[in-house]
Structures are given as structure tokens and as C-alpha cells.
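Overview (structure and organization)
One-letter residues, chain by chain:
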Amino acid sequence: MPLMASAQFRDGGYSSLDDSETMGVFRDHVSYIAGAQMEGRKAGSEGEKMTAEYISDMFAEYGVDVLSSRSGDEFGLRDGADTLVSRNVLGFIQGYDKTLRDRYIVVGARLDNLGTHTMKIDGEDYRSTYYGANGNASGLAMMLELARMVSTNSLLFRRSILFVGFGASCNTFAGSWYFLNRAFKDVANIDAMINLDMLGTADREGFFAFTASNKGMNALVDEVSSQLQPITPKVVSNPFYPSDYVAFYEKEIPSVTFTTGRYNEHNTFKDTPDILDYESMERELEYVYNFLFAISNREKKIEFKEEALKVARPSYDNDVVPFFDCEIKPSFLGSYDPSTFLQKWVYPYLKYPQAAVERGIQGTVQVNFVIEKDGKLTNATIVKSVDPLLDDEALKVINASPKWKPAKAKGQKIRSTMTIPVEFKLEKKGTKKKIGINGNI
């Protein structure tokens, strides 16, 4: 029977999960990575660099060999007319088995988030931050504590483990693509990938393992789950969100994504450390450790199945794909962040109807639209109405939008859809003020 994670792997004693040392460490990691000083960790930003340095420092403290520089393995990324510099952070723990230590398991987590958003209100700049506590400070924290556990028990792992914080994941998963196609020379020796993405809200929907229906990976999840575990994931056949696993499937590397699924604060200003369920994260950590132990010590690697690639990257044909399910998201004026559309087009051209001002009407209109393969916006419809006066104004501005750069899948342009919040707010009677970008895209 495989060695199971238990209290013997923790660095200190504690009486209950409610006040455990591990939960406190998770809070520390998330509070720092999703702190205001990181300014949302946008790819290429100082906040992303600071996060990379934090991950490198923690790897070193935990006895993990750091293969990149302290600020990460840098790569260039085109963002519209500009080139930004993002980075991957690599940690390494060598396996003990002479016959398997040149085979690798990659454990990855998204490093970056959406950054900040600035709007002018009554001539003054107001900035809000996409903190990204669950997306994906939770995954990075899980990766760090997993690295600590593996480092403490490295003599038990036959294969070598690579821990990677992927930069520019929000920009078409550029970091994972760069790692596999430019940076790491032994891709053929990677036997599996474990993706850690948004793991802090198990108290809402649960804990999940997305395997793209790979039978071998499903069997291993079931095998580990059949042993005594503090929590077990539900295997799902469809991804909640696209993530860095996409690049690994392209290389036909069996992968599993551990996640707690969808949550209302995703990609909003409300994704802050206080929404996380740290007690469940500790339980998830023990499960993922046991899963990593099992997959590292298998005699044979899990075979990649062609049907897994089909599930991971379905054929879209003429279907309309939700924004966050797009492999390469649609972009406006060179930016993949939907708030750019609001900031640079919608709010500058939006006019508060005088009749609505006089009647004191305000609120947030939710508008859904399709971005066609040629970049044109079509089918704009109101999905949450406030009043016909505000609804019509929001539709008018959105329907007049310049063309976008369309989404892509498998190198082909696809139709995509998103819903944006258009906020009308009155500061006081007779004075109009358009503020904020919140809600779900």
C-alpha cells in the first residue's frame, strides 16, 4: 500500500484543523501573493515579478532546487503592438530511483492574474485591483506546500518532480507553451502533469479532478480515492475553465487538473483572501500529495489516449464558445482583459439618458454578445435589465463597437460570447456618474 500523507508530514503539532499550522501557512501565502502590493500580478508587471521572487524564495527555504533565476525564466510575449516580459519559476526535486529519476512529473500553477483597472470618475482616476486570491494564489500556495512535503520526503519518490509557476497564463497560456516548446529540453521524458488551479472554494461546490476522460488517469484517481483520505475529488469529464493543461495535452502528456470549480468572484475585484476555505485546502493538500506519490512511483507511465485530446480541445465548428472556455480568448485593442472594452470604448461613449437622470434611475445592465470569426460584435441582448432607457443606451454603444480580434481554437478562428456589466450610477440628484466594472464576464 502506498505511503499515505498524515500528521507525520506536518512541520508542527496542532489540535484541530481549525487552528492548524498548515492553514496558517496557506493564509500567509495567499495574503502575500494576492496582496495589494502585487497589483493583481498582471503578466509582465512588477507584481508578477515579485510573485516569482516569492515562489523562488519559498522553494529555496523548503529545500527545493530552483532551476530559474530568482525572478524566473523570462520570455517575451506580444501584447498588441508591445512586447512584455513574463516569466516561469521552476523548482526541482530529483527522484531516488536510478531507472526512473530521469522521468518527470510536472506540478504547475498559474502565476499571473488580470492586474488592475483604472477609470476616470468626475475627472479623477479610480483604480481597482483583481487580487486573484482563489485565481490563482490558492493554486500557488498549494504548489508551495506540496513542494515542501515532497522535499521533506524526497527519498520516497522514484520519479523527479518539477514544480512550475506559469507566467502569462491569462495571455493564452503562454508560460506553459514556452516551457514545453522552448525552455525544457526533455519534454519526451515528462510522464504526467498535475495542474493546480483555483482550489480555495471547496465549501461551495466541492473538489474536482478533470482528466479529459483519460482512462488511466481516472483509474489512478479512483485508486487513490479508495484509500483513507480526508477528502476525495469528483472526477469530471469537462473542464470548468481552460488552463495550463492545454499545452500539455497538445504534447500528448496525460494531465489532471485539481480544482474547486466555478465561483462567483472569479475574475472580479471580490476575489480576495477572505473568500477561501483554508480548512478544505489542507485536506486537498493531503489528497494531492498522495496522488503525486502514487503517480511518481508507478512502474509504468499512464498512457495518453487520443480521446483525451478531443475532450480537452473539443471541435467547436460553428458553436459559440463562452469567453473563459476559449483556448485563445478574443481581444479588444490588443488586450485579452474584457475590462479594456469597458474602459476604452463603452464608458467613454456612454451617455446617461437625461430622462433617466430626472427619474433617478440607476443600476447595472448585463449585456451578452457574440464575437464573430471576423471580429464583429453581433446578437447583443440584455440578460439583466434595469430600465429601457439604460438598456437601450448600453446596447447602442456596444453595437457600435469596432471589431475585435476573434477567439481561436486549434489555430482556427471561432465564435465566442461574453456578458459584460454596464453600470449607471447617480451620485446625487441631477448628477450622473458612471463607475465600476464588476460582476461576471
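Now for a look at the structure at hand. (Residues numbered from 1 in each chain as written. Predicted model: local features only at pLDDT ≥ 70, side-chain atom pairs only at ≥ 80, totals over all residues. Heavy atoms only, no water.)

**A closer look at the overall build of the chain**
A tally of helices and strands in the chain yields 11 helices and 17 strands. Out of the 441 residues in the chain, the part that is buried amounts to 59%. Considering only contacts within the chain whose residues lie at least 6 apart along the sequence, 79% involve residues at least 24 apart. Summed over its atoms, the accessible surface of the chain is roughly 18100 Å², and 46% of this surface lies on carbon and sulfur atoms. (Helix = DSSP H or I, 4+ residues; strand = E, 2+ residues; numbered from the N terminus. Buried < 20%, exposed > 50% of the residue type's maximum accessible area, 1.4 Å probe, protein only. Contact = heavy atoms within 4.5 Å. Areas by Shrake-Rupley, 256 points an atom, 1.4 Å probe, with all protein chains shown as cover.)

**What to know about unusual backbone geometry**
With an omega of 5°, the peptide bond running from glycine 135 to asparagine 136 counts as cis. In this structure, alanine 168 is a non-glycine residue whose phi angle is positive, near 50°. Notably, methionine 198 is not glycine yet its phi reads approximately 60°, a positive angle.

**Notes on a positive patch on the surface**
Together, Lys376, Lys403, Lys405 and Lys413 make up a region of like positive charge exposed at the surface. Its location among the elements puts lysine 405 in the loop between α11 (388-399) and β15 (407-409). (Patch = residues over 30% accessible without salt bridge, like charges linked within 9 Å, V, L, I, M, F, W, Y side chains within 5 Å. Salt bridge = Lys/Arg side-chain N within 4 Å of Asp/Glu carboxyl O. Lys, Arg positive; Asp, Glu negative; His and termini not counted. Charge placed at Lys NZ, Arg CZ, Asp CG, Glu CD.)

**Notes on the environment of leucine 333**
The topology assignment puts leucine 333 in the loop between β12 (320-322) and α9 (339-349). Residue leucine 333 is classed as exposed on the basis of its relative accessible area, which comes to 59%. C-alpha separation for the pair leucine 333 and tryptophan 345, spaced 12 residues apart in sequence, amounts to 9.8 Å.

**Comments concerning the packing of helix α1 (residues 21-33) against helix α3 (residues 133-152)**
Taken N-terminus to C-terminus, the directions of α1 and α3 make an angle of 130°; their axes are 9 Å apart at the nearest point. What the angle tells us is that α1 and α3 run oblique. Crossing hand, α1 versus α3: right-handed. In contact with Val25, Phe26, His29, Val30 and Ile33 of α1, α3 contributes Ala133, Ala137, Ser138, Leu140, Ala141, Met142, Leu144 and Glu145. Class assignment of the residues belonging to the contact of α1 with α3 gives a composition of 10 nonpolar, 2 polar and 1 charged. (Axes fitted to C-alpha atoms, helices over the stretch in contact; angles between N-to-C directions. Parallel < 35°, antiparallel > 145°, perpendicular 65-115°, else oblique. Left-handed = near helix turned anticlockwise from the far one by under 90°. Nonpolar A, V, L, I, M, F, W, Y, C, P; charged D, E, K, R; others polar.)

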